Amino acid sequence: MENQGENRSRILLTRLKPAEFTLLDSRFKKTRFRKLSEYIRSVLLEKPITVTYRDKSMDEVLEELILLRKELNAIGNNLNQAVRNINSAHGHADTRLWVNLLGVINSKLEPSIIQIKDRMNKYADIWSQKL
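Residues numbered from 1 in each chain as written. Predicted model: local features only at pLDDT ≥ 70, side-chain atom pairs only at ≥ 80, totals over all residues. Heavy atoms only, no water.

(A) Representation of the overall build of the chain in the model. Of the regular secondary structure elements, the chain holds 4 helices and 0 strands. Ordered by position from the N terminus, the helices and strands of the chain form the series α-α-α-α. When burial is assessed residue by residue, the chain has 15% of its 131 residues classed as buried. Contacts in the chain between residues far apart in sequence, at least 24 positions, make up 41% of those at least 6 positions apart. Counting only carbon and sulfur atoms, one obtains 54% of the accessible surface of the chain, whose full area is about 11,700 Å². (Helix = DSSP H or I, 4+ residues; strand = E, 2+ residues; numbered from the N terminus. Buried < 20%, exposed > 50% of the residue type's maximum accessible area, 1.4 Å probe, protein only. Contact = heavy atoms within 4.5 Å. Areas by Shrake-Rupley, 256 points an atom, 1.4 Å probe, with all protein chains shown as cover.)

Below, the structure is given as structure tokens:
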């Protein structure tokens, strides 16, 4: 805070048309300011305003990464269940069955993991081109 000792005691009341307010509000939403009053003070006092830019083309990448994360979580849950069952069956006749089952799960997971890695590499290439 610049002037901690001074309170803002003066009020400036301004009326705007709906279109003017919409324009002002849309500009405010593109900035780093959290309050409209902060933004308006900066504009009126001609202070520098930082405008954020959002790359809409990356929205698809983010959606895909969210889906990949969900898929990885599901894979991890299934693998944990299989390992838990193997550990609980240690020393029983079912142990070989569970080890074989884990091999089947692993063979089904490997293509998914390779696909995820390929997608991640593709997105890394896209991001590195934008830098």
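The rest of the description comes next.
(B) Region of the structure containing the side chain of Ser42. Locating Ser42 in the fold gives a position in helix 2 (residues 36–44). Apart from residues no more than four positions distant in its own chain, Ser42 is found in contact with Phe33, Lys47 and Ile49.

(C) Quick look at the confidence of the model for the chain. Confidence in the prediction for the chain averages 79 pLDDT; 82% of positions are at 70 or higher. Of all the helices and strands in the chain, helix 4 (residues 95–130) carries the lowest mean pLDDT, 76, while helix 1 (residues 18–29) carries the highest, 92. (pLDDT = per-residue confidence, 0-100.)

(D) The environment of Tyr39, seen in detail. For Tyr39, the position within the fold is in helix 2. The sequence separation of Tyr39 and Leu24 amounts to 15 residues, and the corresponding C-alpha distance is 9.4 Å. With residues near it in sequence (within four places) discarded, Tyr39 still touches Leu24, Arg27, Phe28, Thr31, Phe33 and Ile49.

(E) Main features of a nonpolar patch on the surface. A contiguous nonpolar patch, built from Leu12, Leu44 and Leu45 and spanning about 360 Å² of accessible area, is present on the exposed surface. Along the polypeptide, Leu44 turns up in helix 2. (Patch = residues over 30% accessible without salt bridge, like charges linked within 9 Å, V, L, I, M, F, W, Y side chains within 5 Å. Salt bridge = Lys/Arg side-chain N within 4 Å of Asp/Glu carboxyl O.)

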